[in-house]
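Examining the three-dimensional arrangement
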Amino acid sequence: MTSTFLPDKRSGPDVDHRPVATGADRGRARRRVLHWLTAVGFQVPALVLFGTLVLLPMLFALYTAFFRWGGFGMPEDFIGGDNFTRLFKDPVFLGDLWRCLVLVGLSLLLQLPFALALAVALNQKIRGRAVYRMLFFAPYILSEAITGVLFSMIFAPDDGLADHLLGAVGLDGLGGEWFADPSTVMATLFLVMTWKYFGFHMMLYLAGLQSIPAELTEAALIDGAGPWQRFRNVTLPLLAPTLRISVFLSVIGSIQLFDLVWIVTAGGPDHHSETMAVTMFQYGFKRYQVGYASAISVVMFGISLVFALAYQRFVLRRDLEGATTTMRGGGS
């Protein structure tokens, strides 16, 4: 019996071994393209708005900072870095930097601890705590314009509510010109800032406190830890991420502070309450030195950016790494 050997047509060097695309594969590819186009479609409007309203003005401000320009027409008088050289020789701007540091220090040492103490108190089971939370948070809801006008009336010299209350309790000597006195204007302004913004930080801390498992505090209580020990060893470490975010927002807010100061004092008296943003506004919209004002805005942006990057690198690093690990773990 003879057999004929027939070569296998499915093998050999000239045979294409690539898998043949099936209908299911083509369907998955179309879905991926559709998902990609959908994502791009949602992102494009946001990117256009960001580029038009944020990125282009920032680049234009950087460009005009190198010109002597009054704000009309196109800038033509190129002066290089003279605006920046003038900036760091300007005693008003150097005073702005010092006042910014003072506000940051007072916020970290007084405002935030005060907000934290109230948050801890209102996290306890006390009658009417929802009402107290609402009352303490209410100042933050008010606009800066309303707050500024309100406290301008309260601290009006000789006729304001503050002077009347001090006089009613026999402390007339403590009353004064408040915002009009260089020796008291920053302290009075910080009091207004604290009243306006402490409620926001208090609510942040309350949210952080309510995310702490009650079992941990109860376990510490069973072990005999007192209130301070429970706060220091249990509450404070678990609240640390919220505290770090609160500090970041407080510092950035102090650097960019404008509207409240402008409404209450407009930077006076004699620049003693002026901030970098107020100085920028004065030169840009009052004196029409837009090139110099642009240089101030560039420096403000640089300070904020350097602080944000350094804070993220050295302070928020652990929080960001934890968030990244959680996201990766959830997606695997």
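Residues numbered from 1 in each chain as written. Predicted model: local features only at pLDDT ≥ 70, side-chain atom pairs only at ≥ 80, totals over all residues. Heavy atoms only, no water.

1. Quick look at the overall build of the chain
For the chain, the count of helices and strands is 13 helices and two strands. Relative to its full complement of 332 residues, the chain shows a buried share of 33%. Of the contacts made within the chain by residues no fewer than 6 positions apart, 65% connect residues no fewer than 24 positions apart. (Helix = DSSP H or I, 4+ residues; strand = E, 2+ residues; numbered from the N terminus. Buried < 20%, exposed > 50% of the residue type's maximum accessible area, 1.4 Å probe, protein only. Contact = heavy atoms within 4.5 Å.)

2. A short note on the environment of Ala-225
In this fold, Ala-225 is placed in the loop between helix 8 (214–222) and helix 9 (227–255). With a relative accessible area of 18%, Ala-225 lands in the buried category. Sequence-distant contacts of Ala-225, defined by excluding residues within four places in its chain, comprise Ala-220 and Arg-230.

3. Section: the pattern of salt bridges
Applying the stated criterion across every chain yields a total of three salt bridges. The salt bridge partner of Lys-196 is Glu-144, with a shortest N-O separation of 3.9 Å. Pair noted here: Lys-196 is in helix 7 (residues 185–210) and Glu-144 is in helix 5 (residues 144–154), with a separation of 52 residues, a long-range link. (Salt bridge = Lys/Arg side-chain N within 4 Å of Asp/Glu carboxyl O.)

4. Comments concerning the packing of aromatic side chains
Tallying each qualifying case throughout the model produces 25 aromatic pairs. With a centroid separation of 5.7 Å and 85° between ring planes, the pair formed by Phe-60 and Trp-69 is classed as edge-to-face. A relative accessible area of 36% places Phe-60 in the partly exposed class. Its relative accessible area of 12% is what places Trp-69 among the buried residues. A ring pair is formed by Phe-151 and Trp-195, whose centres lie 5.0 Å apart and whose planes are at 65°; its orientation type is edge-to-face. (Phe/Tyr/Trp six-rings, centres within 6.5 Å; stacked < 30°, edge-to-face > 60°.)

5. Topic: the nonpolar core
In globular proteins that are soluble, nonpolar side chains generally tend to be buried together. In this structure, Leu-103, Phe-155, Phe-179, Val-192, Met-193, Leu-257 and Leu-260 are the most contacted members of the largest nonpolar core, which totals 20 residues. A per-element tally of this core places helix 7 first, with seven residues. Apart from the residues lying within four places of it in its own chain, the contact partners of Phe-179 are Phe-151, Ser-152, Phe-155, Val-185, Thr-188, Leu-189, Val-192, Val-264, Thr-265, Gly-268 and Pro-269. Grouped together as the second largest cluster of nonpolar side chains are 17 residues, Cys-100, Val-251, Met-276 and Ala-293 included. (Core = buried A, V, L, I, M, F, W, Y, C linked by side-chain atoms within 4.5 Å.)

6. So, the packing of helix 5 against helix 7
Relative orientation of the contacting elements helix 5 and helix 7 amounts to 140°, with a least axis distance of 11 Å. By the angle between their axes, helix 5 is oblique relative to helix 7. Here helix 5 and helix 7 pass one another in a crossing that is right-handed. Of the residues in helix 7, those in contact with Glu-144, Thr-147, Leu-150 and Phe-151 of helix 5 are Val-192, Trp-195, Lys-196 and Tyr-197. In the contact of helix 5 with helix 7, the residues fall into five nonpolar, one polar and two charged. (Axes fitted to C-alpha atoms, helices over the stretch in contact; angles between N-to-C directions. Parallel < 35°, antiparallel > 145°, perpendicular 65-115°, else oblique. Left-handed = near helix turned anticlockwise from the far one by under 90°. Nonpolar A, V, L, I, M, F, W, Y, C, P; charged D, E, K, R; others polar.)

7. Considerations on the packing of helix 11 (residues 276–286) against helix 12 (residues 290–314)
Here helix 11 crosses helix 12 at 160°, and the two axes come no closer than 7 Å. In terms of orientation, helix 11 and helix 12 fall into the roughly antiparallel class. As for the relative orientation of helix 11 and helix 12, their crossing is left-handed in sense. For the pair formed by helix 11 and helix 12, the contact residues are Met-276, Ala-277, Thr-279, Met-280, Tyr-283 and Gly-284 on the first element and Val-290, Tyr-292, Ala-293, Ile-296, Ser-297, Met-300 and Ile-303 on the second. The class makeup of the residues in the contact of helix 11 with helix 12 is 10 nonpolar, three polar and no charged.

8. Description of the environment of Pro-57
Structurally, Pro-57 can be placed in helix 1 (residues 23–64). Pro-57 has contacts with Gly-51 and Thr-52, leaving out every residue within four places of it along the chain.

9. Brief notes about helix 7
Between the first and last C-alpha of helix 7 there are 38 Å, a value that for 26 residues agrees with the 38 Å anticipated at 1.5 Å per step. At Tyr-197, helix 7 shows its maximal kink, close to 40°. (Expected span 1.5 Å × (residues − 1). Bend = angle between axes of the 7 residues up to and from the residue.)

10. Looking at unusual backbone geometry
Going from Gly-268 to Pro-269, the amide bond is cis rather than trans, its omega being -5°. At Ala-266, a position not held by glycine, the phi torsion is positive, near 55°. Here Ala-266 is to be found in the loop between helix 10 (259–264) and helix 11. Taking relative accessible area as the criterion, Ala-266 reaches 30% and is therefore assigned partly exposed. Within the chain, Tyr-288 stands out as a residue other than glycine whose phi angle is a positive 55°.

11. Re the confidence of the model for the chain
Summing up the model confidence of the chain, the mean pLDDT is 87 and the portion of residues at 70 or higher is 89%. Segment residues 1–6 is flagged for pLDDT under 50; beyond a separation of four residues in sequence, or across chains, it makes zero contacts in the model. (pLDDT = per-residue confidence, 0-100.)

12. Concerning the environment of Tyr-140
With respect to the secondary-structure elements, Tyr-140 resides in helix 4 (residues 129–141). On a C-alpha basis, the gap between Tyr-140 and Trp-195 in space is 8.2 Å, while along the polypeptide they are 55 residues apart. Apart from the residues within four sequence positions on either side, Tyr-140 is in contact with Lys-196, Tyr-197 and Phe-200.

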